[in-house]
Amino acid sequence: MEIGLKALSSHGHEALKADLLSKAQGVTRGSFYHHFSNVTDFHAAVIDRWKEQATDRVILAVEMPGDPRTALEKLLYLSFGRVERIERRMRIWAENDPLPRAAVEGIDRRRVAYVTALLGDMGYSPVVAATRANIIYDCYVGCALRRAPEPKELDDLVSEIINWCALPQ
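A brief structural summary.

The rules we used
- Residues numbered from 1 in each chain as written.
- Predicted model: local features only at pLDDT ≥ 70, side-chain atom pairs only at ≥ 80, totals over all residues.
- Heavy atoms only, no water.
- Helix = DSSP H or I, 4+ residues; strand = E, 2+ residues; numbered from the N terminus.
- Expected span 1.5 Å × (residues − 1).
- Buried < 20%, exposed > 50% of the residue type's maximum accessible area, 1.4 Å probe, protein only.
- Salt bridge = Lys/Arg side-chain N within 4 Å of Asp/Glu carboxyl O.

**Here's the deal with helix α8 (residues 126-146)**
Move 1: With 21 residues, α8 should cover 30 Å at 1.5 Å per step; its first-to-last C-alpha distance of 30 Å lies within 8% of that length.
Move 2: Turning to α8, its buried residues are A129, R132, A133, I136, Y137, Y140, V141, C143 and A144.

**Structural notes on the pattern of salt bridges**
Opposite charge on two side chains lets them pair, provided their charged atoms get close.
Move 1: On inspection of all chains with the given rule, the structure shows seven salt bridges.
Move 2: Between E52 and R57 there is a salt bridge whose closest N-O contact spans 2.8 Å.
Move 3: The exposure class assigned to E52 is partly exposed, which follows from its relative accessible area of 26%.
Move 4: Accessibility expressed as a relative area gives 46% for R57, which makes it partly exposed.
Move 5: Of the charged contacts in the structure, one is a salt bridge between R110 and D56, with a shortest N-O distance of 2.1 Å. Pair noted here: R110 is in helix α7 (residues 98-121) and D56 is in helix α4 (residues 39-62), with a separation of 54 residues, a long-range link.
Move 6: Its relative accessible area of 30% is what places D56 among the partly exposed residues.

Structure, rendered in structure tokens:
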């Protein structure tokens, strides 16, 4: 899976082919098919690994029971600070393929729901929390599609979002 994620990040979804990956690893195509019955199964496994690394681990890393503001701040610094090419590559792949499209749509919903819950725990009404979560997430996706912010830009961006979230309702 790691080889697949690296190939996806570096070269896009076109690199996720048995021939290319086997050759790059110096193994036969048969050894690829020893692990996966077909390329679609491999793609599904790569997508699952991406979801786990790009969302599950991030949420676990920022969980702060009873302190949603600190959790949100950690989430923003971690997420915006590690915008990677793979986020953009996954979204490009999802444009024309239903398998990654479903994964990206599911991850988008999960991430927005998590931020919505944090904002709700901070005291925002459900409607305001959902609206702000979507704005924050759209900002993140914009950074992923454009480029990762520089360190100074990251500090300014996260500070501004945190200040905006701390404003009275």
